[in-house]
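# Survey of secondary and tertiary structure
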Amino acid sequence: MASRQGSSGGEPLTWRSDFDKFVVTANFERRGWERWGLAGDDDWNVYWANVYTVKQIFNPENGLRLGDRQMVNHFPNHYELTRKDLMVKNLKRYRKELEKEALGSGAYDRGGSSGRTAGSAHGVSDIGRHFSVQEQLDFVPLTFSLPADYSLFVEEFRRVPNSTWIMKPTGKAQGKGIFLVNKLAQVKKWGTGLMAGSTMRNPQQEAYIVSRYVNNPLLVGGKKFDLRIYVVVTSYRPLKAYISRLGFARFCNVKYSAEVGDIDNVYVHLTNVAIQKHGDDYNENHGNKWSIANLRLYLEGTRGRAATDELFAGINDVMIHSLRSVQNVIINDRHCFELYGYDLLVDENLKPWLIEVNASPSLSATTEADRALKHR
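Quick caveat: nothing in here was measured; it's all calculated off a predicted structure.

### Here's the deal with helix 10 (residues 292–302)
- Burial in helix 10 covers these residues: Ile-292, Leu-295 and Leu-299. On an axial view of helix 10, the arc spanned by its buried residues comes to 60 degrees, and they lie on one face. For helix 10, the exposed residues lying more than 90 degrees away from the buried face are Leu-297 and Gly-301.
- Along its buried surface, helix 10 packs onto strand 12 (223–236), strand 14 (248–251), strand 15 (289–291) and helix 11 (305–325).
- Just downstream of helix 10 lies Gly-304, where phi reads positive at about 100 degrees.

Here you go:
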């Protein structure tokens, strides 16, 4: 593929996009970059492509080669982190590697203490907190892949019979196909295509994960929320990641309830904007969102500065550990970068939980405040 020289060669960069999203186009244009023409040539510098296009670009059978000054917005196998089942698989493997490393160094005992501090070889924060390997990587709820791990799931379910679980398709987003269960019979119904809310005639053909539901979420005004935080990775080896300060909290419309009668109420349990915007109580002015800065002010006022700092240091640890878990798995092509949308939940003990990582986070603005935040 041919490419322009870019600003270093005296010409403006040329961008191309598969999405006509304001967040993308406005940020390119305000930098003085030129939009790629439709003449069919490959004379572009930055391509904001969908995952299918990237798959085609890196398909060896197509014989395409990117130029020295061309970049695309996905790594070839980005799904190792962004597909729910693969994320869990890679984190489990990474945890075993850390435990083996700690055991080999003599710093790991049977009680789980590795003697590491966050900020050491595999840590992030530099505030002197001592964590065992288990504590460092205990940020994903217990998860099984279905149907492959069904027997293991049943064993765990029967061990703790009164718990609630959440089922999610591995390859979908925006809350599609998600439902909660608290009885094995519900999972068996799903397995035969009878589960209410299932959109599949033959769900066995689509992989699911089932995770223990975090039933003690931190509430603000009685409502559950999660966090969307953006992370840009420009290299995996060495790992170079940039965490945005401009994330936001997404709130449910309806006050949280752990009652069995509300288990099917998506406006109580699922924070996805794609779902909440259809609720009667959805606020179109603020879009059920708070900026991270406002959430932090609230937490400092209600939980204290030290606890709030600890929470956000823990969130940073979660994101870096998740990236390290795929550091040696991702194809580290120098023509690639990735914008990840991290979804995290905070429980009432101010413990962060990683819910999922999105390869194509929403770049649409639902409110003026949202538009201003994403345009920065």
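### Remarks on the sheet that holds strand 1 (residues 14–17)
- If you trace the four strands from one edge of the open sheet to the other, you get 2-1-3-4, paired in parallel fashion. Lying at the two open borders of the sheet, with one neighbouring strand each, are strand 2 (34–35) and strand 4 (71–72).
- Summarising the sheet, strand 1 and strand 3 (residues 46–48) pair through three bridges and their orientation is parallel. Within strand 3, the position partnered with Ser-17 by the bridge is Trp-48.
- Each of strand 1, strand 2 and strand 3 touches helix 1 (residues 22–29); the most contacted strand, strand 1, lies at about 175 degrees to it.

### Let's talk about the packing of aromatic side chains
- Per the counting criterion, the structure on display carries 17 aromatic pairs.
- An angle of 65 degrees between the planes, with centres 5.8 Å apart, marks the rings of Phe-153 and Phe-157 as edge-to-face. With Phe-153 and Phe-157 both in helix 6 (residues 150–159), this residue pair falls four residues apart, about one helical turn. Just as Phe-153 is buried, Phe-157 falls in that class too.
- Here the aromatic residues Trp-15, Phe-28, Trp-33, Trp-48 and Phe-337 are joined through ring pairs into a cluster of three or more.
- Sitting above the plane of the Trp-36 ring, Arg-16 keeps its charged end 3.8 Å from the centroid.
- Over the ring of Trp-353 we find Lys-351, and its NZ or CZ is 4.7 Å from the ring centre.

### Quick notes on the pairing of strand 10 (residues 208–212)
- Of all five residues that make up strand 10, four are buried, and the element is covered over most of its length.
- Relative to strand 10, strand 7 (residues 143–146) runs antiparallel, the two sharing four bridges. Looking across to strand 10, one finds that Ser-145 is bridged to Ile-209.
- As paired strands, strand 8 (residues 165–169) and strand 10 are joined by five bridges and run antiparallel to one another. For Lys-168, the partnering residue across the bridge sits in strand 10 and is Ile-209.

### Focus on the sheet that holds strand 10
- One open sheet accounts for four strands, arranged 7-10-8-9; its pairing is antiparallel. Of all strands in the sheet, those bounded by a partner on one side alone are strand 7 and strand 9 (179–181). Neighbouring strand axes in the sheet, compared pairwise and without regard to direction, differ in orientation by 30 degrees on average.
- Most of the contacts of helix 6 go to strand 7, to which it runs at about 140 degrees, and overall it touches strand 7, strand 8 and strand 10.
- Across the sheet, helix 7 (residues 184–191) is in contact with strand 7, strand 8, strand 9 and strand 10; its angle to strand 9 comes to roughly 135 degrees.

### Comments concerning the confidence of the model for the protein chain
- Confidence in the prediction of the protein chain, expressed as mean pLDDT, is 84, and 82% of residues score 70 or more.
- Mean pLDDT in the protein chain bottoms out at strand 5 (residues 116–117), which sits at 37, and peaks at strand 16 (residues 338–346), which reaches 97.
- Confidence drops under a pLDDT of 50 for residues 109–128, and excluding neighbours within four residues, the segment shows 47 contacts in the predicted structure.
- When the criterion is pLDDT under 50, residues 196–201 qualifies, and its contacts beyond four places in sequence or with other chains add up to six contacts.

### Notes on the nonpolar core
- Membership of the largest hydrophobic core comes to 50 residues, with the highest contact counts inside it found for Leu-81, Leu-227, Tyr-236, Leu-323, Tyr-342 and Leu-354.
- Looking at this core, the elements with two or more residues in it are helix 2 (51–57), helix 4 (84–104), strand 12, strand 14, helix 10, helix 11, strand 16 and strand 17 (352–358).
- Here this core takes seven residues from helix 11, the largest share from any one element.
- When sequence neighbours within four positions are dropped, the list of residues in contact with Tyr-236 reads Phe-75, Leu-81, Leu-323, Val-326, Gln-327, Ile-330, Asn-332 and Tyr-340.

### Structural notes on the environment of Leu-323
- When you line up the elements, Leu-323 lands in helix 11.
- For Leu-323, a relative accessible area of 0% translates into the label buried.
- Along the chain, Leu-323 and Ala-241 lie 82 residues apart, while their C-alpha atoms are 8.7 Å from each other.
- The residues contacting Leu-323, other than those within four sequence positions of it, are Leu-81, Val-231, Val-233, Tyr-236, Leu-239, Ala-241, Tyr-340 and Tyr-342.

### What about the packing of helix 10 against helix 11?
- Where helix 10 contacts helix 11, the two axes come as close as 8 Å, and the packing angle between them is 140 degrees. Comparing the axis directions of helix 10 and helix 11 gives the class oblique. Of the residues in helix 11, those in contact with Ile-292, Arg-296, Leu-299 and Glu-300 of helix 10 are Arg-305, Thr-308, Asp-309, Leu-311 and Phe-312.
- Along the lines of polarity and charge, the residues of the contact of helix 10 with helix 11 split into four nonpolar, one polar and four charged.

### What about the pattern of salt bridges?
- In the structure shown here, the tally under the stated rule is 15 salt bridges.
- Of the charged contacts in the structure, one is a salt bridge between Arg-334 and Asp-68, with a shortest N-O distance of 3.2 Å. Highlighted residues: Arg-334 in the loop between helix 11 and strand 16 and Asp-68 in the loop between helix 2 and strand 4, separated in sequence by 266 residues.
- Judged by relative accessible area, Arg-334 falls into the exposed class, the value being 58%.
- We classify Asp-68 as exposed; its relative accessible area is 64%.
- Glu-156 serves as the salt-bridge partner of Arg-159, at 2.7 Å between the closest nitrogen and oxygen. Residue Arg-159 and its partner Glu-156 are located together in helix 6, separated by three residues, close to a single helical turn.

Analysis parameters
Residues numbered from 1 in each chain as written. Predicted model: local features only at pLDDT ≥ 70, side-chain atom pairs only at ≥ 80, totals over all residues. Heavy atoms only, no water. Buried < 20%, exposed > 50% of the residue type's maximum accessible area, 1.4 Å probe, protein only. Helix = DSSP H or I, 4+ residues; strand = E, 2+ residues; numbered from the N terminus. Arc of directions from axis to C-beta. Contact = heavy atoms within 4.5 Å. Pairing = 2+ DSSP bridges. Axes fitted to C-alpha atoms, helices over the stretch in contact; angles between N-to-C directions. Phe/Tyr/Trp six-rings, centres within 6.5 Å; stacked < 30°, edge-to-face > 60°. Lys NZ or Arg CZ within 6 Å of the ring centre and 35° of its normal. pLDDT = per-residue confidence, 0-100. Core = buried A, V, L, I, M, F, W, Y, C linked by side-chain atoms within 4.5 Å. Parallel < 35°, antiparallel > 145°, perpendicular 65-115°, else oblique. Nonpolar A, V, L, I, M, F, W, Y, C, P; charged D, E, K, R; others polar. Salt bridge = Lys/Arg side-chain N within 4 Å of Asp/Glu carboxyl O.

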